[in-house]
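# Summary of structural features
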Amino acid sequence: PQGVRIALPWLVVLAVLQLFIPPPFKSAIPGEPPDMSALFLSLVPFFIANSSIAVNWNRFILRDEMPTTARTFRFDAPVWKYLLRFIAVVFLASIGATIILIALMLFLPQQVLLPVTFFITISALMLFSISLPAAALERKDFGIMDGLKAAQGNIMPVVGFALLNYLAILLCYVVVTL
């Protein structure tokens, strides 16, 4: 119930916003390329809302702070720090995945390359994301590299959890494409 109380107001706002934003990847004119500004317009509020929800959730779980109704829609420093750290995490994981992809291109057939790279990217995202709660709590002493150090000795459970996520995504893909 607390998670619903934290997230539901943002979900309502995002649903209303989607009524006014054209669907991404769909061209208004048949035969024309899609308007990518719609994707940008839909992603910006999503990432801000996600960061606000994540900050409130982490503060609730780790500090037992339940936001007031007014604080549910937070736009303060922890939200922006969380969002920036999230962007940094995605950037670092993408760079790592790209390097690994280039190296694997020499050894793996193309059919295997994408799933392996996707799995490695999910694993890297999970490992780098260990530092995100610290941003939500405004801890300046725990950065992305500290999160990686904290994961030492627990790499295999994190990779195993990443594998479960990967298999869930793959299952959803198979079900949707049937």
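The preceding data block contains the structure.
Throughout, a residue's number is its position along its own chain's written sequence, starting from 1. Where totals are concerned, whole chains, interfaces and linings use all residues; where local detail is concerned, this predicted model gives features only for residues with pLDDT of at least 70, and gives and counts side-chain atom pairs only at 80 or more. With hydrogens and water excluded, all non-hydrogen atoms of the structure serve as input to the side-chain values.

## Notes on the overall build of the chain
Filter applied, for reference: Only DSSP runs of H or I with at least four residues qualify as helices, and only runs of E with at least two residues qualify as strands; both kinds are numbered from the N terminus onward. A 1.4 Å probe rolled over the protein chains alone gives each residue an accessible area, and that area as a share of the maximum for its type sets the label: buried under 20%, exposed over 50%, partly exposed in between. Working rule for contacts: check all heavy atoms of both residues, and any pair within 4.5 Å makes them a contact. His is not counted, nor are the chain ends; Lys and Arg add positive charge and Asp and Glu add negative charge. By convention, the point assigned to a charge is CZ for Arg, NZ for Lys, CD for Glu and CG for Asp.
When you go through the chain residue by residue, the secondary structure sums to eight helices and zero strands. The N-to-C order of helical and strand elements in the chain reads α-α-α-α-α-α-α-α. Among the 178 residues that make up the chain, the fraction classed as buried is 30%. Contacts in the chain between residues at least 24 apart in sequence constitute 68% of all its contacts with a sequence separation of at least 6. Charge-centre separation for the chain: the mean point of 11 positive side chains lies 5 Å from the mean point of 8 negative side chains.

## Considering the packing of aromatic side chains
Quick reminder of the rule: Between 30 and 60 degrees the pair is tilted, below 30 it is stacked and above 60 it is edge-to-face, where a pair is any two Phe, Tyr or Trp rings, Trp via its six-membered ring, whose centres lie within 6.5 Å.
Within the structure shown, the criterion is met by six aromatic pairs. With centroids separated by 5.0 Å and ring planes inclined at 65°, the aromatic side chains of Trp-10 and Phe-73 adopt a geometry described as edge-to-face. With Trp-10 in helix α1 (residues 2–20) and Phe-73 in the loop between α3 (69–72) and α4 (77–104), this residue pair connects regions lying 63 residues apart in the sequence. On the accessibility criterion, Phe-73 (32% relative accessible area) is partly exposed. Judged by centre distance (6.1 Å) and plane angle (70°), the ring pair of Phe-119 and Tyr-166 falls under edge-to-face. Residue Phe-119 is found in helix α5 (residues 110–128), and its partner Tyr-166 is found in helix α8 (residues 155–177); the two are separated by 47 residues along the sequence. An aromatic cluster is built from Trp-10, Phe-73 and Phe-75, whose rings are joined through pairwise contacts.

## Regarding unusual backbone geometry
Positioned with a positive phi, Asp-64 is a non-glycine residue whose angle comes to about 60°. Tracing the backbone through its elements, the reader meets Asp-64 in the loop between α2 (36–63) and α3. We classify Asp-64 as exposed; its relative accessible area is 64%. The phi dihedral of Glu-138 falls on the positive side, at around 60°, and the residue is not glycine. Looking at Glu-138, the relative accessible area reads 36%, which means it is partly exposed.

## Some points on the side chain of Ser-52
Locating Ser-52 in the fold gives a position in helix α2. Given a relative accessible area of 0%, Ser-52 falls into the buried group. Leave out the neighbours within four places in its chain, and Ser-52 touches Trp-10, Thr-72, Phe-73, Arg-74 and Val-79.

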